Amino acid sequence: MANTVIIGMQWGDEGKGKIVDLLCPAFDAVARYQGGNNAGHTVRFGDSHFALHFIPSGVLHPQMRCVLGNGMVFNPDAFFEELEGLAGHGIDWTGRLFVSDRAHLLLPAHIELDGARERARGADRIGTTARGIGPAYETKISRFGVRVGEIIGGSGDSRLDALVRRLGDELAQLDASRPDADALTALCRGWGARLEPMVRDTAQLLNGWIDDGLAVLFEGAQGTLLDVDHGTYPYVTSSNSTAGGVCTGTGVPPKRLSGVLGILKAYTTRVGRGPFPAELTDERGDFLRERGNEFGTTTGRPRRCGWLDTVVARYSQMINGVDSIALTKLDVLDTFEEIKICTAYRIGDRETTEFPSTLEEIAAAEPQYETVPGWKAPTDGILEFDDLPAEARDYVRLAEELVGAPIGLVSTSPRREETIVRTGAGLEPLTSDRLDRVIARRDGE
Ligand code: GDP
Ligand code: IMO
Ligand code: MG
């Protein structure tokens with residue numbers, strides 16, 4: 001799987017960070033292609049625990065070249081803060097971390113606006129991460145945006161003024177204070193000078209690396225159901241978090257992508273507001289939250305929890321063209337007597353396995369469940385699929401059948417060392433020598 005895309009198959013927090021970290025030995029570069037610091041990707045690395053919001057998780061591996069692609073919205077303060085955090089852990093990114101000159105700037109006024117709009121929406125608020133993501137993408141689409149490359153040398157100054165006026169008008173309407181254009185211009189000068197050594201035409205870089213035979217991992221943020229086109233609109237993020245976002249968000253064309261690995265949690269979570277048919281609002285949901293430590297990496301909010309919903313996962317499989325699945329957090333289900341898996345929705349008098357488009361239909365969807373016996377035994381630390389308890393193997397096989405894609409990786413702990421690699425289960429494009437490197441690193445060699 002040279003040039004592999006990693007996407008979340010649910011509403012985010014599927015464990016993308018852990019899987020990216022596991023796979024890094026098979027790759028030479030990693031690129032983020034959408035979103036901003038709304039993401040929170042957790043990686044256990046040795047004895048340390050990293051939460052990366054902005055910079056690709058692969059930065060922890062010294063051989064990896066890292067790209068923040070043009071499809072991202074870029075908050076310089078958050079970026080520098082994350083760099084300092086990495087430096088504090090002895091991670092040296094010098095000369096291997098690149099920011100797209102075409103990524104759009106996310107300004108403090110976008111963050112203000114995110115908060116002011118959420119307050120104005122009241123009961124209809126989205127429940128955003130309050131990082132300014134929606135307003136920054138809106139600025140880009142409305143063609144008032146300023147790109148990272150334009151703050152170097154000040155070529156974007158007049159457009160920056162126009163943008164500040166526009167954001168100021170909306171902030172004033174919402175009873176928030178107007179940003180100071182001069183202060184912002186000065187801030188941009190400082191950012192530009194600091195960023196200059198890292199800013200590149202990253203489409204040229206990535207395509208050049210691929211020409212040279214290097215393998216690139218594309219690290220998605222959020223998840224399919226949070227995609228602005230394919231998700232549960234309007235309770236979504238403002239970017240294309242599905243596999244299609246890779247091409248627009250990096251400038252690497254579809255023909256150069258070799259495969260898609262979908263990350264699927266063995267149950268479902270969602271943080272923020274919006275529909276969630278298989279949500280458990282009883283003690284089983286509380287149990288999943290506690291045992292799975294389901295509290296937001298970015299905002300600390302408790303995540304809503306429910307059973308695995310294969311209507312959602314099958315939809316993701318279709319939208320992303322998933323070649324293989326990494327099933328994560330199987331261990332969280334270890335103690336259940338019985339486990340449910342959603343196979344279809346009943347909406348009025350019809351039953352469907354297709355994910356509906358309107359909020360009204362999703363709200364009316366009654367999940368139809370198949371109940372399977374739990375395995376009631378620990379699974380963490382098991383490295384061979386055949387060593388899993390029979391009921392756990394059956395659960396994995398049932399998920400494969402219902403979702404319609406093979407499960408190539410089964411994760412049973414936050415640690416890289418505790419992941420089952422099923423050679424042959426859709427992982428074939430990841431050539432055997434590259435897969436061997438992943439297994440060797442997993443085993444600490
Ligand atoms: P991401 O946003 O998709 O990268 O996921 P997050 O990092 O926000 O949330 C996933 C959480 O689950 C993190 O705290 C991971 O360390 C943890 N995790 C990942 N895989 C496993 C697993 O197989 N078992 C358990 N128990 N935890 C896991
Ligand atoms: P990772 O990459 C889970 C959710 C927010 C909110 C909605 C819109 O860690 O999986 P935004 O701030 O993007 O405008 O918020 O999207 N959201 C996430 N939920 N994981 C994430 O990222 C998320 N990024 C945004 O909670 O419901
Ligand atoms: Mg997360």
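Only a predicted model underlies this, so the values are computations on that prediction, with no experimental measurement involved.

### Here we look at the sheet that holds strand 5 (residues 65-68)
Consideration 1: Strand order in this open sheet of ten strands is 9-7-5-2-10-1-11-15-19-20, and the pairing throughout is mixed. Edge strands, defined here as strands with exactly one partner in the open sheet, are strand 9 (199-200) and strand 20 (419-421).
Consideration 2: Pairing of strand 2 (residues 29-32) with strand 10 (residues 216-219) involves four bridges; the strand directions are parallel. From the neighbouring strand, Val30 faces strand 10, where its bridge partner is Leu217.

### Observations regarding the site of ligand 2
Consideration 1: Around ligand 2 lies a shell of 19 residues, among which Asp13, Lys16, His41, Thr129 and Thr237 are the nearest.
Consideration 2: One nitrogen or oxygen atom from the side chain of Thr129 is found 2.5 Å from an oxygen atom belonging to ligand 2.
Consideration 3: Taking Gln222, its main chain carries an N or O atom lying 2.8 Å from an oxygen atom of ligand 2.
Consideration 4: Isolated, ligand 2 exposes 550 Å² of accessible area, and the fraction of that covered by the protein chains is 98%.
Consideration 5: Its residues assigned to classes, the shell around ligand 2 shows six nonpolar, ten polar and three charged.

### Examining the packing of helix 5 (residues 157-173) against helix 6 (residues 181-195)
Consideration 1: Two elements in contact, helix 5 and helix 6, have axes whose closest approach is 10 Å; the angle formed by their N-to-C orientations is 135°. By the angle between their directions, the pair helix 5 and helix 6 is classed as oblique. The interaxial crossing formed by helix 5 with helix 6 has right-handed handedness. Contacts between helix 5 and helix 6 pair Asp157, Leu160, Asp161 and Val164 from the former with Ala181, Leu184, Thr185, Cys188 and Arg189 from the latter.

### Examining the site of ligand 1
Consideration 1: Neighbouring ligand 1 are 18 residues, the closest being Lys16, Gly40, Thr42, Asp331 and Ser411.
Consideration 2: Lys329 places a main-chain nitrogen or oxygen 2.9 Å from an oxygen atom of ligand 1.
Consideration 3: In the model, a nitrogen atom of ligand 1 is placed 2.7 Å from a nitrogen or oxygen of the Asp331 side chain.
Consideration 4: A total of 580 Å² of accessible area belongs to ligand 1 in isolation, and the protein chains cover 92% of it.

### Remarks on the side chain of Arg442
Consideration 1: Relative to the elements of secondary structure, Arg442 occurs in helix 13 (residues 432-442).
Consideration 2: When residues no more than four places from it in sequence are discounted, the contact partners of Arg442 are Leu22, Leu383, Arg416, Glu417, Thr419, Ile420 and Val421.

### Some remarks on the pairing of strand 7 (residues 97-100)
Consideration 1: Side-chain alternation along strand 7 places Leu97 and Val99 on one buried face and Phe98 and Ser100 on a second face that is also buried.
Consideration 2: When strand 7 meets strand 9, the two strands line up parallel, connected through two bridges. Note on strand 9: the bridge partner recorded for Ser100 is Arg200.

### Remarks on the coordination of the magnesium ion (ligand 3)
Consideration 1: Protein coordination at the magnesium ion (ligand 3): the donors are Asp13 (OD) and Gly40 (O), at 2.0 to 2.2 Å from the metal. Here the residue Asp13 occupies a position in the loop between strand 1 (4-8) and helix 1 (16-23), and Gly40 occupies one in the loop between strand 2 and strand 3 (41-45), the gap between them amounting to 27 residues.
Consideration 2: Classification of Gly40 as buried rests on a relative accessible area of 11%.

### Topic: the packing of aromatic side chains
Consideration 1: By the definition in use, this model includes eleven aromatic pairs.
Consideration 2: Seen from their ring centres, Trp307 and Phe336 are 5.3 Å apart, and the 65° between their planes marks the pair as edge-to-face. One end of the pair, Trp307, is in the loop between strand 13 (304-306) and strand 14 (308-309); the other, Phe336, is in the loop between strand 15 (324-328) and strand 16 (338-347), and 29 residues separate them in sequence.
Consideration 3: Among the residues examined, Phe336 registers a relative accessible area of 9% and is labelled buried.
Consideration 4: One aromatic cluster in this structure is built from Phe54, Phe74, Phe79 and Phe80.
Consideration 5: The positively charged end of Arg194 is found above the aromatic ring belonging to Phe80, 3.8 Å away from the centroid.
Consideration 6: The cationic tip of Arg422 hangs over the ring face of Phe385; the distance from NZ or CZ to the ring centre is 3.8 Å.

What counts and what doesn't
Residues numbered from 1 in each chain as written. Chains lettered and ligands numbered in written order. Predicted model: local features only at pLDDT ≥ 70, side-chain atom pairs only at ≥ 80, totals over all residues. Heavy atoms only, no water. Pairing = 2+ DSSP bridges. Helix = DSSP H or I, 4+ residues; strand = E, 2+ residues; numbered from the N terminus. Near = heavy atom within 4 Å. Polar contact = N/O pair within 3.5 Å; in protein donor to acceptor, adjacent residues only side chain to side chain. Areas by Shrake-Rupley, 256 points an atom, 1.4 Å probe, with all protein chains shown as cover. Nonpolar A, V, L, I, M, F, W, Y, C, P; charged D, E, K, R; others polar. Axes fitted to C-alpha atoms, helices over the stretch in contact; angles between N-to-C directions. Parallel < 35°, antiparallel > 145°, perpendicular 65-115°, else oblique. Left-handed = near helix turned anticlockwise from the far one by under 90°. Contact = heavy atoms within 4.5 Å. Buried < 20%, exposed > 50% of the residue type's maximum accessible area, 1.4 Å probe, protein only. Donors = N, O, S within 2.8 Å, 3.2 Å for Na, K, Ca; no water. Phe/Tyr/Trp six-rings, centres within 6.5 Å; stacked < 30°, edge-to-face > 60°. Lys NZ or Arg CZ within 6 Å of the ring centre and 35° of its normal.

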